[in-house]
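Take a look at the letters that make up each chain.
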Amino acid sequence: MKKPIFAYFMAATMLSASMVATSQDASAQSNYDAQFVDYPSYAGDDLEMRVDKSGTHFKLWSPKADKVNLHLYNDGRTGEAYKTIAMTFNSTDGTWSASVAEQLYGKFYTFQIEQGGKLYAETPGVWAKAVGVNGKRAAIIDFANTDPEGWTEDRGPKVDYFTDVIIYEMHHRDMSVHTNSGIANKGKFLALTEEGVRSLNGEKTGIDHLKELGITHVHILPSYDYNSVDETQLPSNVYNWGYDPMNYNTPEGSYSTNPSDPETRIREMKEMIKALHDAGIGVILDVVYNHTAENDGSNFHLTAPGYYHRHWENGNYGDASGCGNETASDRQQMRNYIINSTKYWVNEYHIDGFRFDLMAIHDIETMNQVAAELKKIDPRIFVYGEGWTCGDSPLKVEKRALKEHVSQMSGIAVFSDDLRDAVKGHYSNAADRGFASGKPGNEETVKIGIVAATAHPQVDYSKGQNSKFPYAASPQMIVNYVSCHDDLCLTDKLRLSMPDATDAERMAVAKLAQTVVFTSQGTPFMFCGEEIFRDKKGIHNTYNQPDHVNAIDWNLKATNKDQFNYYKGLIALRKAHPAFRMPTAEMIAKHIVFDKIDSEKQPNLIAYSLVDNANGDSWKEIKVVLNGAATAQEVKIKKGDWMIVAQDGKICPEGQLGTTKGGKITVAPYSALIIARTK
């Protein structure tokens, strides 16, 4: 049975470079590291197992093992090994090898090392690409049998710039498990292959809902084989986000219809990906290479004890993940692993991007190599991550892939906590309000988000709450959001921070918050179900909460149809107008002009123009006015023939809400005004 996840508080204690208070001397790690200096590395793609005409071949990297045995099994979970083979060591590259002159399809295997007089537990190794139920034994399968029809021709959507991407973050169970989803394969990969599904009140759900909404990419929470759900007890419907990695290179069995069949989970995940690609939607995987579900019991430790994890000088595990350990990306074999694992997901599963959990635990050089290698395969692959840690690390601050260091990375983006906290209120204080919910003093930080943390002559970074300098060299380095899977979702945040408001007022605030996100430069990101005002019962981190907390109630789509239509309109507006998705910092500085507003007299008011057909836009000028105050506010618009695109909580991407000649215009409380002119 899989063990429970470590206490998960990923965002609750995030640390950026400006916040790190080093509690231990990171330079002292060098003495501990010395024992690994002479470890050879191996970059070949044949680690673990391969089958060819001559038979089945096994290879394990374990440079300091004294002995390694290969165990072969008939079953993926029970029974004794029917054969044990002593593997042969190659001191040059640190690998152990064994071959069987037979194609062992349908069989299972484990490795077991002996080192320093200790016999370690059996492990499927770190490179298992197929596993039996609960992932304790690796499986030998013919991957050609897992490809759906048309797989060879399968491709993700074309992306010219990462600012063209619109991300929708989802969990397999959240999207489909509710009784009113209309989906047959609830909580499964196959849920997103079902077309024509409807809720009980006739609204589109599943993949049809995604197409209707208009997003370009889904970001799927961890889908590799993780540790906390017992795949033999699926009727119990145990829920987890999956941030407790076990086998990084094979899909999670609980999302398949038959976890005991190693081919099923692989085939069904590919079927899901192909269905999304056929719908014009890219697939981004949430990857968690920064820590393992177990410490000494992890597959990494059981193959090369001590090597793959960071430790302090006293031998204690580093714990920048907040989950008990952290991996050592700065060691060559771990770096090779991350690079080759992501490449494998692209080549075998046609993945379009990766979201790196707690990316700052990894070193800058590793992340740069990951992005470079992936873009050799496909330059459209989008790599982004959390530019922070959950605690201090033995890795020196200057080497961490932090948000503040994103300009040292190429082809990588980071989440903007600047815009997130300024718009809705700080993540750590449920009662705290933000710009969109009536709290003054956040205007300049919101502007930092609007220009995607790039240098702009009208943005005063000294007034920024989270960042004090323009850390992004390009808007393609920034992902803007107000809510995601962890901490309070937007609905719950607004209910707790605006206790005296009605849900109608909170929905107005939500519309305004997302208007900031979708009209800002950078890449917009939204959490699944926010478009229909879903909640999670006021619980911050629901990683192990039951379905009744996490599942999206699809009846809300009919109840809150106006909310859905607004989100849909925002997405359509952004897709239709390149002014909102400029690809360079220079363009932003040139084409965004902020109005001069006295925040003492008009708090919670921001107005700016996108001028001179920004980024080749068909509209000469677009005016965006954001009123986060609880009262109406007046703005002055220069004279001209303006189309009204958004006003009073309504939106029409074609600009057909009406017209105005400019002059003084009143903007309703908690709302946005967007107008445009063609000449």
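Quick look at the structure, then.

Calculation criteria
Per chain, residues are indexed from 1 in the order of the written sequence. Totals for whole chains, interfaces and linings use all residues, but because this is a predicted model, local features are given only for residues with pLDDT of at least 70 and pairs of side-chain atoms are given and counted only at 80 or more. Only hydrogens and water are set aside when side-chain values are computed; all heavy atoms of the structure are taken into account. For helices the rule is a DSSP run of H or I covering at least 4 residues; for strands it is a run of E covering at least 2, with both sets numbered from the N terminus onward. For the radius of gyration, the atom set is restricted to C-alpha positions; the globular benchmark scales as 2.2 Å times the number of residues to the power 0.38. Classification of residues uses two cut-offs on accessible area relative to the type maximum, computed with a 1.4 Å probe and protein chains only: under 20% is buried, over 50% is exposed, and between them is partly exposed. This count recognises Lys and Arg as positive and Asp and Glu as negative, with His and chain-terminal groups excluded. Charge positions come from single atoms, namely NZ of Lys, CZ of Arg, CG of Asp or CD of Glu. The criterion for an aromatic pair is that two Phe, Tyr or Trp rings (for Trp, the six-membered ring) have centres within 6.5 Å, with stacked assigned to planes under 30 degrees apart, edge-to-face to planes over 60 apart and tilted to the rest. Here the rule is simple: two strands pair whenever DSSP picks up at least two bridges between them. To get an axis, fit a line to the C-alpha atoms, keeping to the stretch in contact for a helix; angles then go from 0 to 180 degrees between the N-to-C directions. The set of buried Ala, Val, Leu, Ile, Met, Phe, Trp, Tyr and Cys residues whose side-chain atoms join them within 4.5 Å is what this entry labels a nonpolar core. Should any heavy atoms of two residues lie within 4.5 Å, those residues are considered in contact. When an angle is under 35 degrees it counts as roughly parallel; over 145 it counts as roughly antiparallel; between 65 and 115 it counts as roughly perpendicular; any other value is oblique. Residue type decides the class: Asp, Glu, Lys and Arg count as charged, Ala, Val, Leu, Ile, Met, Phe, Trp, Tyr, Cys and Pro as nonpolar, and the leftover types, Gly among them, as polar. Pairs of N or O atoms within 3.5 Å make up the polar contacts considered here, provided that, within protein, one atom can donate a hydrogen while the other can accept it, and that residues adjacent in sequence are counted only when both atoms are side-chain atoms. A carboxyl oxygen of Asp or Glu within 4 Å of a side-chain nitrogen of Lys or Arg is what we treat as a salt bridge. Working rule for helices: expected span equals 1.5 Å times residues minus one.

1. Comments concerning the overall build of the protein chain
From N to C terminus, the protein chain includes 15 helices and 28 strands. For the protein chain, whose C-alpha radius of gyration is 26 Å, the value lies close to the compact-globule estimate of 26 Å for 679 residues. Counting only C-alpha atoms and orienting by the principal axes, one finds that the protein chain spans roughly 85 × 55 × 45 Å. The burial tally for the protein chain puts 65% of its 679 residues in the buried class. Between the mean site of the 71 positive side-chain charges and the mean site of the 86 negative ones, the protein chain shows a separation of 5 Å.

2. With respect to the packing of aromatic side chains
Taken as a whole, this structure holds 34 aromatic pairs when the rule is applied. On the numbers, 5.1 Å between centres and 70° between planes, the contact of F58 with Y109 is edge-to-face. One end of the pair, F58, is in strand 2 (residues 55-61); the other, Y109, is in strand 7 (residues 108-115), with 51 residues separating them in the sequence. With a relative accessible area of 2%, F58 lands in the buried category. Ring plane angle 90° and centroid distance 5.3 Å describe the contact between Y307 and Y308, whose orientation is recorded as edge-to-face. Y308 matches Y307 in its accessibility class, with the two residues each being buried.

3. Here's the deal with the sheet that holds strand 19 (residues 523-527)
One key point about sheets: their strands pair by backbone hydrogen bonds, in either a parallel or an antiparallel sense. Around the barrel, which closes on itself, the eight strands sit in the order 10-11-14-15-16-17-18-19 with parallel pairing between neighbours. This sheet shows a mean twist of 30° between the axes of neighbouring strands, independent of strand direction. Bridging between strand 14 (residues 282-287) and strand 15 (residues 353-356) involves four bridges; their strand directions are parallel. For D286, the partnering residue across the bridge sits in strand 15 and is R355.

4. Quick notes on the nonpolar core
Formed by 144 residues in total, the largest nonpolar core has its most connected members in Y168, V218, F354 and F356. If we skip the residues at most four places from it in the chain, F356 touches V287, Y289, I338, T342, H362, M367, V370, V383, Y384, G385 and E386.

5. Looking at the packing of helix 4 (residues 262-278) against helix 6 (residues 332-349)
For the pair helix 4 and helix 6, interaxial distance at closest approach is 11 Å and the crossing angle is 75°. Here helix 4 is positioned roughly perpendicular relative to helix 6, judged by the angle of their axes. Counted together, I266, M269, K270 and I273 of helix 4 and W345, E348 and Y349 of helix 6 form the full contact between these two elements. Residue composition of the contact of helix 4 with helix 6, by class: five nonpolar, no polar and two charged.

6. Quick look at the side chain of R335
Within the secondary structure, R335 sits in helix 6. Overall, R335 belongs to the buried group, its relative accessible area being 11%. Separated by 2.7 Å, the side chains of R335 and T366 make a polar contact. Leaving out residues up to four positions away in the same chain, R335 has contacts with S329, D330, D363, E365, T366 and Q369.

7. A short note on the pattern of salt bridges
In the structure shown here, the tally under the stated rule is 45 salt bridges. The closest approach of N and O atoms between R400 and D392, which form a salt bridge, is 2.9 Å. The same class applies to R400 as to D392, namely buried. One salt-bridge network, held together by shared partners, links R495, D503, R506, D535 and K537.

8. A look at the side chain of T95
Structurally, T95 is set in strand 6 (residues 95-100). Relative accessible area serves as the criterion here: at 1%, T95 is assigned to the buried category. Within the structure, the side chain of T95 is placed 2.6 Å from the side chain of D93, a separation counted as a polar contact. Look past the residues within four positions of T95 in its chain and what remains in contact with it is Y42, L47, K59, L60, W61, T88, F89 and N90.

9. Details of helix 7 (residues 364-377)
Taking 1.5 Å of rise per residue, the 14 residues of helix 7 would be expected to cover 20 Å, and the 21 Å separating its terminal C-alpha atoms lies within 8% of that figure. Within the span of helix 7, buried status applies to I364, T366, M367, N368, V370, A371 and L374. In this structure, the buried side of helix 7 is in contact with helix 6, strand 15, strand 16 (382-385) and strand 17 (412-415).

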